[in-house]
Amino acid sequence: MPIYLYLDRATALHRLHPGVKILALFTIFWSIYWLDQPLALAPIGAILLLAAQYSGSWSNFYRLRWLLLLIMFFTAAVWVIFYRQGSPLLMLGPFPISRASLEFGFGRAFKLAELIAATILFLSTTRVEEFAYGLTWMGMPHRIGFAVTLAFRLAPLFIDSALDVVAAQKLRGHDFSRGGPIARMRGYAPVMVPVFMGALRKANNMAMALEARGFGHTNRPTSLVEYRFRPADWLGVLALSALGAGSFLAYLLGYGAINVGE
Amino acid sequence: MSAMKELRTMWQDTRMVVLCAISAALYAAVLIPFKVVPLIPGVTELRPANAIPVVCSFLFGPAAAWGSAIGNLVGDFFGGAGPGDFFGFFANLAYGFLPYKIWQTIGGAHSPLERSAAAFAKYLFTCLLASVLCADIVGWGDNLLGLRPFAVLGNLIVLNNMLAASVLAPFLLAAVYPRARAGRLLYDDLMPQGPRPPRGARWCGLALLIAGELGAWAAGNLISAGYWAPAFLPRAMLRAPYSGAVGVVVTPPLALAVLGVCLL
């Protein structure tokens, strides 16, 4: 079962320093945060689409299309109901729907879709090791970075093991889709116990293997791969700073806000 | 040992680091493929994986707390994350830490495996407190960022976590706990235990935790749903998405709850 989103391509986005990629993710989140109106969010959406095209990440967007669409639909629906500002255009049962609530609801939907799109782009262009390296580079303690990397590496192994157990239980006649939510949830116990036990068996050996290789000897271990900060990275930092500042300026000047019209 | 010290010192032990990664990977491994019934499609679903942090918490203590936080992050990264995951990290840290920590205070002579009514009631109470604080943090954070109303996420998370903790976790715990104890993999076996905070301080912490998290939950729900408009807030804050109002009113009780955790 393929679960990693990373796509091995030789693009400038892939080659960026891991710290810059994390900064890019943060800056895009920051830039989206200040804008509410769907139209004001469009330029960032366009930047993300161009980046997806350039980095060849469309396959990941296609893979997660239903998630994106569902999130957009339900976020829009929830906020159209909860917003309750502006003069009502129509009543949806007890809920007044106004132009402002529609604008706000769709704005939130685009906002969340763009936030997720930014993450998909990040994961499509960043290896797990790069992510951990970037976090450590930004000051996160080495041991936490190691635990994050190890968790990313172990998760697919445990997923495979869980799917094997599911297949074995199905062969024995266990039906995971039978019953209501509580029965279904309880039905997962026979899957989770063997996976849990398999994981526990690994724990002691893994700890010994790590200590035998000097884990914990120093808090500043060397890395097999070193990433250098190149001119392209500085250019990236400049472009991201401009994007973040531009978005905040738009917010300060009142662009991107919803006009309630009262 | 105080709660914060435990969360810090566990990183000094290699086996605790490994158990943290294993808890995280297990959580993510069940989180990713087994999304049973969507509660709100695209927002949240019935998650059997939510039983893992509770079970791991009773086994590995603070390692499970970090594991729960990292596991949620790993799970979110496979399905697309957002800035709300920053709060999800700390919410899951609390969800994975509180069962172990609260049980130390209220569990008394009972084992989490005991099948008496009193022990099960204490177990459910422990899980409820952990679930509500988790929901408070995510609901507060997401509403603060204006992504989703507190009233939507805050309640769904409590329901979701309690279902997994009450329906699935007891079975897992009964199957796994004795084996982990036999393999000397419990937190108490791995890390030297310093003196616990005084009993009075722990009960005071528990009282603060309960008052803080219930206050935050009630205020978050009422404000974000538009049923309470505190008179002391400026008018500009009393408009959807109520980010400012939630920030001003929900933050103090939430801080009180966190102070309570520190005293446990």
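Residues numbered from 1 in each chain as written. Chains lettered and ligands numbered in written order. Predicted model: local features only at pLDDT ≥ 70, side-chain atom pairs only at ≥ 80, totals over all residues. Heavy atoms only, no water.

Caption draft 1: Structural detail: the overall build of chain A. Within chain A, the secondary structure is distributed over eleven helices and two strands. Taken from the N to the C terminus, the helices and strands of chain A come in the order α-α-α-α-α-β-β-α-α-α-α-α-α. The C-alpha atoms of chain A give a radius of gyration of 23 Å, which is well past the 18 Å a tight globule of 262 residues would have. Counting only C-alpha atoms and orienting by the principal axes, one finds that chain A spans roughly 70 × 60 × 30 Å. Put simply, chain A shows about 13,900 Å² of open surface, and 67% of that area lies on carbon and sulfur atoms. In chain A, 23 side chains carry a positive charge and 13 a negative one; their mean positions are 6 Å apart. (Helix = DSSP H or I, 4+ residues; strand = E, 2+ residues; numbered from the N terminus. Rg over C-alpha atoms; globule rule 2.2 N^0.38 Å. Areas by Shrake-Rupley, 256 points an atom, 1.4 Å probe, with all protein chains shown as cover. Lys, Arg positive; Asp, Glu negative; His and termini not counted. Charge placed at Lys NZ, Arg CZ, Asp CG, Glu CD.)

Caption draft 2: Region of interest: the pattern of salt bridges. All names here are of chain A. In total, this model carries eight salt bridges over all chains according to the counting rule given. Across the salt bridge formed by Arg127 and Asp8, the nearest N and O atoms sit 3.8 Å from each other. Here Arg127 is found in the loop between helix H6 (99-125) and helix H7 (128-137), whereas its partner Asp8 is found in the segment before helix H1 (12-15), with 119 residues between them in sequence. Note on Arg127: relative accessible area 35%, which makes it partly exposed. We classify Asp8 as exposed; its relative accessible area is 58%. (Salt bridge = Lys/Arg side-chain N within 4 Å of Asp/Glu carboxyl O. Buried < 20%, exposed > 50% of the residue type's maximum accessible area, 1.4 Å probe, protein only.)

Caption draft 3: Spatial organisation of empty space enclosed by the protein. Tallying each qualifying case throughout the model produces two cavities of 30 Å³ or more. There is about 30 Å³ of room inside the second largest cavity. Residue lining of the second largest cavity: A:Phe29, A:Tyr33, A:Lys111, A:Leu115, B:Pro83, B:Leu145 and B:Leu147, and that is the complete set. Secondary-structure elements contributing two or more residues to the lining of the second largest cavity are helix H2 (18-33) and H6 of chain A. Here the residues of the lining of the second largest cavity sort into six nonpolar, no polar and one charged. (1 Å grid on protein atoms, 1.4 Å probe; cavity = no way out; pocket = protein on both sides within 12 Å on 5 of 7 lines; lining within 4 Å. Points joined across faces, edges and corners; volume = space filled by probe spheres on them. Nonpolar A, V, L, I, M, F, W, Y, C, P; charged D, E, K, R; others polar.)

Caption draft 4: Looking closely at a nonpolar patch on the surface. All names here are of chain A. Together, Leu89, Leu90, Leu92, Leu102, Phe106 and Phe110 make up a nonpolar patch on the protein surface, roughly 550 Å² of accessible area in all. Of all the secondary-structure elements, those providing two or more residues to the nonpolar patch are strand E1 (88-92) and H6. In this fold, Leu102 is placed in helix H6. (Patch = residues over 30% accessible without salt bridge, like charges linked within 9 Å, V, L, I, M, F, W, Y side chains within 5 Å.)

Caption draft 5: Region of interest: the side chain of B:Asn50. In this structure, B:Asn50 sits in the loop between strand E2 (44-45) and helix H3 (51-60). Ignoring sequence-local partners within four residues, the contact set of B:Asn50 consists of B:Tyr27, B:Leu31, B:Tyr95, B:Asn160, B:Asn161 and B:Ala164. (Contact = heavy atoms within 4.5 Å.)

Caption draft 6: Focus on the interface of chain A and chain B. With 65 residues of chain A in contact, the opposing surface of chain B contributes 72 residues. In terms of surface lost to chain B, no three residues of chain A exceed A:Met185, A:Met192 and A:Phe196, which account for 13% of the buried area on that side. Run the count over chain A and chain B and you get zero salt bridges. At the boundary of chain A with chain B, the tally comes to two residue pairs in polar contact (both at pLDDT 80 or more). Secondary-structure elements contributing two or more residues to the side of chain A that touches chain B are H2, helix H5 (65-83), H6, helix H8 (142-171), helix H9 (181-186) and helix H10 (189-212) of chain A. (Buried area = accessible area lost by both parts, 1.4 Å probe. Polar contact = N/O pair within 3.5 Å; in protein donor to acceptor, adjacent residues only side chain to side chain.)

Caption draft 7: Expanded view of H8(A). Residue and element names in this part refer to chain A. In this model H8 runs 44 Å from its N-terminal to its C-terminal C-alpha over 30 residues, within 8% of the 44 Å that 1.5 Å per residue would give. The sharpest bend along H8 measures roughly 25° and falls at Leu154, with the proline Pro156 sitting one to four residues further on. Of the residues one or two after H8, Gly173 is the one with positive phi, at around 100°. (Expected span 1.5 Å × (residues − 1). Bend = angle between axes of the 7 residues up to and from the residue.)

No statement about biological role is implied by the geometric values presented.
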